[in-house]
Amino acid sequence: MAELRDPSVLFFDSGIGGLSVVKEARIILPGLRHIYVADDAAFPYGAWDEAELLDRMTGLFETLIEAFRPGLIVIACNTASTLAIGHLRRAFPDQVFVGTVPAIKPAAERTRSGLVSVLATPGTVRRQYTRDLIRQYAGQCHVRLVGSEHLAELAEDYMRTGFVDEEAVRREIAPCFVEENGRRTDIVVLACTHYPFLANRMRKTAPWPVDWIDTSEAIARRTLTLVEQMQFGPRDFSLPDIAVFTSDDPRTEVMRLASGFGLSTEPFPG
Ligand code: DGL
């Protein structure tokens with residue numbers, strides 16, 4: 001009989017944005033232990049050189065897999081997934097990875113005007129992976145890629161403090177809104193896991209209403225589908241759901257925030 005997998009799922013992001021996925025996953029996957037990893041020492045990922053980021057992530061995953069032996073891994077970060085998901089699957093063939101990539105296919109299926117914008121980090125916008133998704137699924141649409149320099153950081157500030165500069169949000173999202181031959185952008189894909197936390201501020205500062213596609217729930221559901229096809233051992237409920245940070249000193253407000261998502265903060269392994 002095949003060995004049972006450890007009843008845990010490890011979520012990985014550059015910062016605290018991946019909590020948007022954990023929030024959904026904890027509801028539908030109570031039988032698994034949730035381990036959240038934020039590479040906050042390297043945040044933001046959006047501006048990193050691709051080869052250096054790939055090296056960094058490979059090293060981190062060696063440590064994380066060794067320490068936690070997770071039953072499943074969710075890369076809750078578009079910037080990391082679009083760069084590294086294929087590489088990580090090859091480097092760690094015994095692990096099952098779920099990626100988070102821009103929701104270009106659903107946007108292309110849903111748009112009425114044919115004008116779709118993808119709001120993401122500069123890294124995700126640059127990726128060949130993203131360009132390939134557009135070519136494959138959105139050939140008949142006009143897709144505008146908007147690489148935002150500051151939104152992920154604004155989202156982190158907002159999550160920590162409850163305050164955000166709305167004028168800065170307005171400036172960052174403004175390039176998503178296109179008017180062309182009497183048609184207007186009607187869908188904006190939130191292609192960064194940090195952005196759902198700012199969705200209300202985006203709605204408020206948008207020049208006209210659009211459909212904002214947030215994939216957090218879809219990622220959690222995809223994870224559930226895979227979990228149902230795999231064999232996991234029973235969860236030991238005495239082990240709490242946890243958050244670990246690569247920086248030496250996650251700030252008190254981050255620990256408080258993690259605890260609001262049901263995660264207790266533990267030191268990075270090793
Ligand atoms: N949360 C990450 C994503 O989904 C990106 C944030 C960053 O590190 O720039 O793309």
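These numbers come from a predicted model, not from an experiment. (Residues numbered from 1 in each chain as written. Predicted model: local features only at pLDDT ≥ 70, side-chain atom pairs only at ≥ 80, totals over all residues. Heavy atoms only, no water.)

Concerning the pairing of strand 2 (residues 33-38)
What counts is decided by this rule: When a residue's accessible area, from a 1.4 Å probe over protein chains only, is under 20% of the maximum for its type it is buried; when over 50% it is exposed; and in between it is partly exposed. The numbering of helices and of strands both runs from the N terminus, where a helix is a DSSP run of H or I of at least 4 residues and a strand a run of E of at least 2. Only when DSSP finds a minimum of two bridges between them are two strands counted as paired. Note on handedness: a clockwise path from strand one over the helix to strand two, with the strands aimed away from the viewer, defines a right-handed crossover.
Here strand 2 lies mainly inside the structure; 6 of its 6 residues are buried. Here strand 2 shows two buried faces, one formed by Arg33, Ile35 and Val37 and the other by His34, Tyr36 and Ala38. Examined bridge by bridge, strand 1 (residues 8-13) and strand 2 share 6 bridges and lie parallel to one another. Residue Leu10 lies in a different strand from strand 2, and its bridge partner there is Ile35. Since strand 1 and strand 2 lie parallel, the crossover through helix 1 (residues 19-28) that links them has a hand, and here it is right-handed. Two elements, strand 2 and strand 11 (residues 242-245), share 4 bridges in a ladder whose sense is parallel.

Describing the packing of aromatic side chains
Threshold: Note on ring pairs: Phe, Tyr and Trp rings are taken, using the six-membered ring of Trp, and paired if centres are within 6.5 Å. Classes follow the plane angle, with under 30 degrees stacked, over 60 edge-to-face and the rest tilted.
Enumeration according to the criterion identifies 7 aromatic pairs in this entry. Taken together, a centroid distance of 6.1 Å and an interplanar angle of 70° make the contact between Phe61 and Phe97 edge-to-face. On the criterion of sequence distance, the pair formed by Phe61 in helix 2 (residues 50-68) and Phe97 in strand 4 (residues 97-98) is long-range, its members being 36 residues apart. Accessibility expressed as a relative area gives 0% for Phe61, which makes it buried. The interplanar angle of 65° and the centroid separation of 6.1 Å between the aromatic rings of Phe177 and Trp212 together place this pair among those described as edge-to-face. Of this pair, Phe177 sits in the loop between helix 8 (166-173) and strand 7 (179-180) while Trp212 sits in strand 10 (residues 211-213); the two residues are 35 residues apart in sequence, bridging distant segments of the chain.

Focus: the nonpolar core
Stated precisely, the cut-off is as follows: For the purposes of this section, nonpolar cores are sets of buried Ala, Val, Leu, Ile, Met, Phe, Trp, Tyr and Cys residues that join through side-chain atoms within 4.5 Å. Throughout, a residue-residue contact means that at least one pair of heavy atoms, one from each residue, lies within 4.5 Å.
Formed by 31 residues in total, the largest nonpolar core has its most connected members in Phe11, Ile16, Leu19, Tyr36, Leu72, Val74 and Leu263. Mapped by element, the contributors of at least two residues to this core are strand 1, helix 1, strand 2, strand 3 (72-75), helix 10 (216-229), strand 11 and helix 11 (252-260). The biggest single contributor to this core is helix 10, with 5 residues. If sequence neighbours within four positions are ignored, Leu263 has contacts with Leu19, Val22, Arg26, His34, Tyr36, Asp241, Ile242, Ala243 and Ala258. Formed by 25 residues, the second largest nonpolar core is a distinct cluster that contains Phe12, Leu60, Ala84 and Val244.

Examining helix 2
Using the following cut-off: Helix span is expected to be 1.5 Å times the residue number reduced by one. Contacts described as polar in this section are N or O atom pairs within 3.5 Å, which, within protein, must combine one atom able to donate a hydrogen with one able to accept it, while residues neighboring in sequence count only if both atoms come from side chains.
Helix length check: helix 2, at 19 residues, gives a terminal C-alpha distance of 26 Å against a target of 27 Å (1.5 Å per residue), a fit within 8%. Along helix 2, the positions that sit buried rather than exposed are Leu53, Met57, Thr58, Leu60, Phe61, Leu64, Ile65 and Phe68. Of the surrounding elements, those touching the buried residues of helix 2 are strand 1, strand 2, strand 3, helix 3 (78-91), strand 4 and strand 11. The N-cap of helix 2, judged by a side-chain oxygen 3.2 Å from the amide nitrogen of Ala51 a few residues on, is Asp49.

What to know about the UniProt feature "binding site: substrate" (unreviewed entry) in the protein
The following threshold applies: UniProt positions are given in the numbering used here, feature names are shortened, and annotations may be inferred rather than shown by experiment.
When the UniProt feature table is mapped to this numbering, "binding site: substrate" (unreviewed entry) covers Asp13, Ser14, Tyr45, Gly46, Asn78, Thr79, Thr193 and His194. With the annotated positions falling across 182 residues, the maximum pairwise C-alpha distance of 12.2 Å places them together in a single cluster. By relative accessible area, Ser14 is classed as buried at 4%. Here Ser14 is in contact with Ala38, Asp39, Asp40, Phe43, Tyr45, Cys77 and His194, once residues within four sequence places are set aside. Side chain to side chain, Ser14 and Asp13 meet in a polar contact 3.5 Å long.

Regarding the side chain of Thr111
Within the secondary structure, Thr111 sits in the loop between helix 4 (104-110) and strand 5 (115-120). Since its relative accessible area comes to 13%, Thr111 is described here as buried. Of note is the side chain of Thr111, whose polar atom sits 3.4 Å from the backbone nitrogen of Ser113. Excluding residues within four positions of it along the chain, Thr111 makes contact with Val116, Cys141, Asp186 and Ile187.

Points about the site of the ligand
Here is the rule we go by: Note on terminology: near, applied to a residue and a molecule or strand, indicates that one of the residue's heavy atoms is within 4 Å of it. Each accessible area is a Shrake-Rupley estimate made with a 1.4 Å probe; only the visible protein chains count as cover when residues are assessed.
The immediate surroundings of the ligand are formed by 14 residues, with Ser14, Tyr45, Thr79, Thr193 and His194 found nearest. Tyr45 has a polar backbone atom sitting 2.6 Å from an oxygen atom of the ligand. One nitrogen or oxygen atom from the main chain of Thr193 is found 2.8 Å from an oxygen atom belonging to the ligand. Expressed as a share of its isolated accessible area of 300 Å², the protein-covered part of the ligand is 99%.

Describing unusual backbone geometry
The linkage connecting Phe43 with the following residue, Pro44, adopts the cis geometry, with an omega of 0°. Tracing the sequence through the fold places Pro44 in the loop between strand 2 and helix 2. Positive phi outside glycine occurs at Asn181, with the angle close to 45°. By secondary structure assignment, the location of Asn181 is in the loop between strand 7 and strand 8 (183-184).

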